[in-house]
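# Fold and contact review
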Amino acid sequence: MESKQSDQAKEEIFRLFDEKPTSGLGFLDAERSLPPPPPPCLEVLASEVSPSAKYTVEPVNIGGLTLFKGRVSTQEVFTLTNSDLVPGKYEGGLKLWEGSLDLITTLSSEMQDGRLSFTGKRVLELGCGHGLPGIFACLKGASLVHFQDFNSEVLQYLTIPNVAVNIEKNSQCLGPDVEEGPVNTETRFFSGDWGEVHHVLSCVCSNEYNIRSRPQLDQAAGYDVILMAETVYSISALPNLYKLIKKCLSYPHGVVYMAAKKYYFGVGGGSRRFLALVEKDGAFVSSLVAEVADGSSNVREVWKLHLK
Ligand SMILES: C[S@@+](CC[C@H](N)C(=O)[O-])C[C@H]1O[C@@H](n2cnc3c(N)ncnc32)[C@H](O)[C@@H]1O
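Residues numbered from 1 in each chain as written. Predicted model: local features only at pLDDT ≥ 70, side-chain atom pairs only at ≥ 80, totals over all residues. Heavy atoms only, no water.

Looking at an unreviewed UniProt entry, the protein chain carries the name protein-histidine N-methyltransferase, with the source organism given as Sesamum indicum. The record in UniProt for the protein chain states the following under Sequence similarities (unreviewed entry): "Belongs to the methyltransferase superfamily. METTL18 family." (UniProt positions renumbered as here; feature names shortened; annotations may be inferred.)

### Examining the overall build of the protein chain
If you tally the helices and strands in the protein chain, you get 8 helices and 12 strands. Here the protein chain, with 308 residues, has 51% of them falling under the buried criterion. Restricting the contact set of the protein chain to residue pairs at least 6 apart, pairs at least 24 apart contribute 69%. Total accessible area on the protein chain stands at roughly 14,200 Å², and carbon and sulfur atoms take up 51% of it. (Helix = DSSP H or I, 4+ residues; strand = E, 2+ residues; numbered from the N terminus. Buried < 20%, exposed > 50% of the residue type's maximum accessible area, 1.4 Å probe, protein only. Contact = heavy atoms within 4.5 Å. Areas by Shrake-Rupley, 256 points an atom, 1.4 Å probe, with all protein chains shown as cover.)

### With respect to the packing of aromatic side chains
Under the criterion given, the structure shown has 7 aromatic pairs. Measuring from ring centre to ring centre gives 5.0 Å for Y263 and F265, while their planes differ by 85°; the resulting arrangement is edge-to-face. Taking relative accessible area as the criterion, F265 reaches 31% and is therefore assigned partly exposed. Through successive ring pairs, a cluster of aromatic residues spans Y242, F274 and F284. In this arrangement the basic side chain of K95 is found over the ring face of W97, its NZ or CZ atom lying 4.6 Å from the centre. When the ring centre of F68 is taken as origin, the NZ or CZ atom of K169, which lies over that ring, is 4.8 Å away. (Phe/Tyr/Trp six-rings, centres within 6.5 Å; stacked < 30°, edge-to-face > 60°. Lys NZ or Arg CZ within 6 Å of the ring centre and 35° of its normal.)

### Looking at the pairing of strand β4 (residues 56-62)
Sheet analysis places β4 next to strand β5 (residues 65-71), joined by 7 bridges and oriented antiparallel. In the strand pairing of β5, P59 is matched with F68. (Pairing = 2+ DSSP bridges.)

### Notes on the site of the ligand
The full set close to the ligand counts 20 residues, and W97, G127, D149, F150 and A229 are the nearest of them. Contact distances for the ligand include 2.7 Å between a nitrogen atom and a backbone N or O atom of G127. With respect to the ligand, the backbone of A229 contributes an N or O atom lying 2.9 Å from a nitrogen atom. Calculation on the ligand without its partners gives an accessible area of 580 Å², and the protein chains cover 97% of this total. Residue composition of the shell around the ligand, grouped by class: 8 nonpolar, 7 polar and 5 charged. (Near = heavy atom within 4 Å. Polar contact = N/O pair within 3.5 Å; in protein donor to acceptor, adjacent residues only side chain to side chain. Nonpolar A, V, L, I, M, F, W, Y, C, P; charged D, E, K, R; others polar.)

### Thoughts on the nonpolar core
Grouped together as the largest cluster of nonpolar side chains are 36 residues, with contacts concentrated most on L126, L201, I226, V232, I245, F274 and F284. Those elements that place two or more of their residues in this core are β6 (122-126), β9 (225-229), α7 (238-248), β10 (255-261), α8 (271-281) and β12 (300-307). Looking at this core, the element that brings in the most residues is α7, giving 6 residues. Excluding anything up to four places from it in sequence, I226 contacts L124, L126, I245, C248, L249, V255, V256 and Y257. (Core = buried A, V, L, I, M, F, W, Y, C linked by side-chain atoms within 4.5 Å.)

### Overview of the sheet that holds strand β3 (residues 42-44)
One open sheet holds the 8 strands; their spatial order is β3-β8-β7-β6-β9-β10-β12-β11, and the pairing between them is mixed. With partners counted over all chains shown, the strands left at the sheet margins are β3 and β11 (284-292), one partner each. Between one strand axis and the next, the sheet turns by 20° as a mean value, whatever way the strands run. Bridging between β6 and β9 involves 4 bridges; their strand directions are parallel. Of the residues in β9, the one forming a bridge with L124 is I226. On the sheet, helix α5 (residues 152-173) packs against β3, β7 (144-149) and β8 (186-191) and is oriented at approximately 160° with respect to β8. (Axes fitted to C-alpha atoms, helices over the stretch in contact; angles between N-to-C directions.)

Right under this line is the structure:
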């Protein structure tokens, strides 16, 4: 047993680098070697949910709203022990990161203030992991929500069951006096790297995105809302993530909500690094919608981006 653990420890060539490791929400830093080739891009069907790992459900309270999240073991799914993230192999989707809760809180207040509605909207959650922001959009009337994760296993073991559990619990709560109706959202699940996943996503403009010519190309293409939480930690992944957003966002009213730490210690990415790239390209206007500095980790932010 001991030798198995030390083998696993060797395999995990990563080091916790967050300011406060005890928060349980830190990233792991790699003693860098070349990452393996990315997994293939796939649509994972809801029926492909995997029963082979133990899945338990627990409630998450987000400012008075209760959503449900599953728990599966990283060991059972990826044969990794105590690993937050292994670049190029497992990108952290089995864990619930605090940015996704910041994102839901912000979406909720945007809705309350009349600045956002999900009713009838096409939504994409990038780097979804548990998928709670996308699930929130389902419960608030989105017509479709597509969930994307690097790892198909995350979708099979966690995201798909989470979507099912939340929709089921929501329908159980509906009484005759409840304003919101049953969830009628089309949900689909896509895995793969941001550099390639546009080949399988269904609402993407097939041509290489060109903002100037986009209005003539296809007004109906693209997602109305793109959500992402804790996706901008790796500097090397930022250009592909940005290009994907440009390919996916509907013109001219599409909006992106991004929750992230201002800076990820040890890996160098962060909201500001991503926004520097966005600003250099010049296609988007960005605004800071929320800032969380609760001392539990480095400063977290939620940004809103829309096309100029
Ligand atoms: C730290 S996890 C955050 C998960 C979830 N959004 C949350 O906040 O709980 C980062 C997510 O980004 C996605 N991701 C990271 N790098 C990626 C890449 N190069 N291509 C596609 N997805 C990637 C992974 O799917 C992973 O679930």
